[in-house]
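Letter by letter, the chains look like this.
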Amino acid sequence: MFAKKPLPFLLFSTKLPFTTQFSTAISHSFFPSFQGKPSLSQTTQAHARIIISGHSSDSILLGKLLSFLALTPSIPFHYSLFIYQSIQTPTVFASNNLIRCFAKSQFPLNSVNFYSSMLERCISPNNYTFTFLIQACAKGSGSGSGSIEGVQVHGQVVKLGFGDDVYVRNSLIHFYSACYSVESAKQVFDESMGVCDVVSWNSMLAGFAKDGQVYIVEKMFDEMPERDVISWNTMIMAYVHNGKLEEGLECFRRMRGFGLTPNEATLVTILSAIAQLGLIENGKSIHSIIDSLNVPITITLGTALVDMYAKCGCIEQCRHLFDKMAQRDISTWNAMICGLASHGLGKEALALFDSFLNEGFRPENVTFIGLLNACSRAGLVEEGREFFRLMTEHYGIEPETEHFGCMVDLLGRAGLVSEAIEMIESKVASPDPVLWATLVSACRIHGLIELGEEIGGRLIELNPSYEGHYVQLASIYARSRKWDDVVRVRKLMVERNTGRVAGWSLIEAQGKVHQFVAGDRDHVLSLQIYQMLENIENCIAEAGYVSV
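Bear in mind the structure is a predicted one, so any value in this text is a computation, not a measurement.

### Side note on the environment of V151
Among the secondary structure elements, V151 is positioned in helix α8 (residues 147-159). Overall, V151 belongs to the partly exposed group, its relative accessible area being 44%. With 21 residues separating them in the primary sequence, V151 and L172 have C-alpha atoms 9.2 Å apart. Each residue touching V151, except ones within four places of it in the same chain, is listed here: F175 and Y176.

Now the structure itself:
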């Protein structure tokens, strides 16, 4: 299965005193300072103590050591296997902990084969055996497999009578949710409601949220006999990940109203919603909550704050926070580079990329989206071409639609429309209409009327039901004063009954979010708003402005 490759041990020069009768107190002497997740160094030192004390075959001590290896991050699996194989008569405790080590390894589904060997050696499983086995299958399902093995383990659970154990049941719910079989998870949940706890409910909430069934998440959330912070986090996540951003903000306010303290997961999710809505006052409020609660600024939380400030227009605050962060990962750098790019600070974004490389990071596809966007907004054509070449030839990153979109925009802004067309036709397997639409805008800006007409007509053929293409083509005709063609295109748009989605604006004022569409009269202050608009129009007219 795996080669026996024990790690070198850090031996001590003196033996520890050991009485003939083993006790818990003696066990503590081998693992004196283990709290939380022990390091690899701590576990190897504990192993060394066991060896030099003459108890290298003690099944209890080695089983205890395996339990710490199961918690140790980045432990080489072959070391855990070596420890287990050195136990002459393995206990179910030691076997369970090896299954936990399997679950952390690159081959989590091998734990199912190991379970079969346990049965052959007459090691009777218990509820923890199945909890860890199902967790391993859930991890294996992330690579597209594991569902068959998990169902087989479920059969063993039922056969051996562990179906009513709450820990096993919770693991099964999580497993089926991970396999995108939320209905199977709900069936497990419903089979024995009497043994379900808050973890069971939270697992079901997460399953339906992952499946996009927000209505069911809301219904279950309201029916929960008790809720904890994870319950509220899951409800907020369900809203935010499914585009219901304002509902997510309101859910967060309700959570705070109940006196619950948000954790890092809550804060990261709600900052994502705020970033997408661009509500800076809400973002500052969350930042102040973080400071008042003394929440540590981890890489994840710090990156969320950087992203929020960038998308809310506070690029200086964003850069200040970025520079203050003690630790940053590639996501943090990407957020800062993309933030500078979106604010038109192209040269600053490229300079930051140099620092990124000096820190030893390797760029990924998102990094180059930020760099190409920076070049596009700053008009850096040669730099953009070089980054595109570097991405494909040096780093071996396959360009995606977003990368081509940035290049087409860059070339179009610079008037190099022919080169942009050549890129689309020669390098994009199935050109996205957005790429062609970008070129229509470039044709209109640079007065390339005939080319704009041709591309606009092609767009309408590709997607005749999208109203935006008709509007772009009509604007091309309007620029060349072909008013008959403008009327013809708009009439064609009406005849084909294109679906027009009303554009809406969002504004944050005095802690509240207000949404408007063109001609809106539904707002409670609409009368005052229109009076103010009339005053503004009068003022700019007096200043000499004439609308075209």
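What follows picks up the thread again.
### With respect to a nonpolar patch on the surface
A cluster of nonpolar side chains, V524, L525, I529, M532, L533, I536, I540 and Y545, forms an exposed patch at the surface whose accessible area comes to about 760 Å². The topology assignment puts V524 in the loop between β2 (512-517) and α29 (526-542).

### Brief notes about the environment of F353
Locating F353 in the fold gives a position in helix α20 (residues 346-358). Sequence separation between F353 and P363 is 10 residues, and the spatial gap between their C-alpha atoms is 8.9 Å. What F353 contacts, discounting residues up to four positions off in sequence, is I337, P363, T367, L371 and F387.

### A short note on the side chain of N127
Looking at the secondary structure, you find N127 in helix α7 (residues 127-141). Other than its neighbours up to four places away in sequence, N127 contacts F162, D165, Y167 and V168.

### Some words on the state of the cysteines
Such a bond, covalent and formed between the sulfur atoms of two cysteines, is termed a disulfide. Counting across every chain of the model gives 0 disulfides. For C314, which is in no disulfide, the shortest distance to another cysteine sulfur is to C312 and amounts to 6.7 Å.

### Section: the packing of helix α2 (residues 40-52) against helix α4 (residues 77-85)
Between α2 and α4, the shortest axis-to-axis distance is 13 Å and the interhelical angle comes to 25 degrees. Judged on the interaxial angle alone, α4 and α2 are roughly parallel. Regarding α2 and α4, the two cross each other, and that crossing is left-handed. Where α2 approaches α4, its residues T43, T44 and H47 are matched on the opposing element by Y79, F82 and I83. A per-class count over the contact of α2 with α4 returns 3 nonpolar, 3 polar and no charged.

### Focus: unusual backbone geometry
Of note, Y180 is a non-glycine position whose phi angle comes to about 60 degrees, a positive value. Among the secondary structure elements, Y180 is positioned in the loop between α9 (166-178) and α10 (182-191). In this model, N294 sits at a positive phi of 55 degrees, which is unusual for a non-glycine residue. When you line up the elements, N294 lands in the loop between α16 (280-292) and α17 (299-311). Residue N294 is classed as exposed on the basis of its relative accessible area, which comes to 66%.

### As for the side chain of S95
By secondary structure assignment, the location of S95 is in helix α5 (residues 92-104). Those residues in contact with S95 that lie beyond four places of it in its chain are Y84, P90, F114, M118 and I123.

### Some remarks on α2
Taking 1.5 Å per residue as the helical rise, α2 with its 13 residues ought to reach 18 Å, and the 19 Å between its terminal C-alpha atoms agrees with that figure. Of the residues trailing α2, G54 is marked for its positive phi of about 85 degrees.

### Topic: the packing of aromatic side chains
As enumerated under the stated definition, the model contains 19 aromatic pairs in all. Look at F189 and W201: their rings are 5.1 Å apart centre to centre, the planes differ by 85 degrees, and that puts the pair in the edge-to-face class. With a gap of 12 residues between them, F189 in helix α10 and W201 in helix α11 (residues 198-210) connect regions that are remote in the sequence. In this structure W201 comes out as buried when scored by relative accessible area, which is 9%. On the numbers, 5.7 Å between centres and 55 degrees between planes, the contact of F388 with F404 is tilted. One end of the pair, F388, is in helix α22 (residues 381-394); the other, F404, is in helix α23 (residues 401-413), with 16 residues separating them in the sequence. A relative accessible area of 7% means that F388 is categorised as buried. F404 gets classed as buried once you look at its relative accessible area, which sits at 7%. In textbook terms, an aromatic cluster arises when at least three aromatic residues are bridged by ring pairs, as seen for F322, W333, F353, F356, F361, F368, F387 and Y395.

### Let's talk about the pattern of salt bridges
One pass over the structure, following the stated rule, counts 11 salt bridges. Between E386 and R389 there is a salt bridge, with its nearest N and O atoms 2.5 Å apart. Here E386 and its partner R389 are both found in helix α22, 3 residues apart, which amounts to about one turn of the helix. Measuring nitrogen to oxygen at the nearest pair gives 3.1 Å for the salt bridge that ties R389 to E393. On the criterion of helical spacing, the pair formed by R389 and E393 is a turn pair, its members being 4 residues apart in helix α22. Taking relative accessible area as the criterion, R389 reaches 32% and is therefore assigned partly exposed. Judged by relative accessible area, E393 falls into the exposed class, the value being 57%. Residues participating in the shared-partner salt-bridge network are E382, R385 and E419.

Cut-offs and rules
Sequence order as written defines the numbering, with residues in each chain counted from 1. Where local features are concerned, this predicted model is filtered to residues with pLDDT of at least 70; where side-chain atom pairs are given and counted, the filter is 80 or more; whole-chain, interface and lining totals use all residues. The side-chain numbers reported here are obtained from all heavy atoms of the structure, hydrogens and water having been left aside. Secondary structure elements are taken from DSSP: a helix is a run of H or I of four residues or more, a strand is a run of E of two residues or more, and numbering for both begins at the N terminus. Throughout this description, buried means an accessible area under 20% of the type-specific maximum (1.4 Å probe, protein chains only), exposed means over 50%, and partly exposed covers the range between. Throughout, a residue-residue contact means that at least one pair of heavy atoms, one from each residue, lies within 4.5 Å. Here the term patch refers to residues with relative accessible area over 30% and no salt bridge, with like charges joined within 9 Å and nonpolar side chains (Val, Leu, Ile, Met, Phe, Trp, Tyr) within 5 Å. All accessible areas in this document rest on Shrake-Rupley with a 1.4 Å probe, and a residue is counted as covered only by the protein chains that are shown. Each salt bridge in this description consists of a side-chain nitrogen of Lys or Arg and a carboxyl oxygen of Asp or Glu lying within 4 Å of one another. Two cysteine sulfurs form what is called a disulfide whenever their separation falls within 2.5 Å. Orientation is described by lines fitted to C-alpha atoms, with helices fitted over the stretch in contact, and by angles between N-to-C directions that extend from 0 to 180 degrees. Put simply, angles under 35 degrees are roughly parallel, angles over 145 are roughly antiparallel, angles from 65 to 115 are roughly perpendicular, and the rest are oblique. With the far helix as reference, a near helix turned anticlockwise by less than a right angle produces a left-handed crossing, and one turned clockwise produces a right-handed crossing. Polarity classes work like this: nonpolar for Ala, Val, Leu, Ile, Met, Phe, Trp, Tyr, Cys and Pro, charged for Asp, Glu, Lys and Arg, and polar for all others, with Gly in that last group. In this analysis, the expected span of each helix is defined as 1.5 Å times one less than the number of residues it contains. Only the six-membered ring of Trp is used, alongside the rings of Phe and Tyr, when aromatic pairs are assigned; centres must lie within 6.5 Å, and planes under 30 degrees apart are stacked while those over 60 apart are edge-to-face, with the rest tilted.

None of this, on its own, says anything about what the molecule does.
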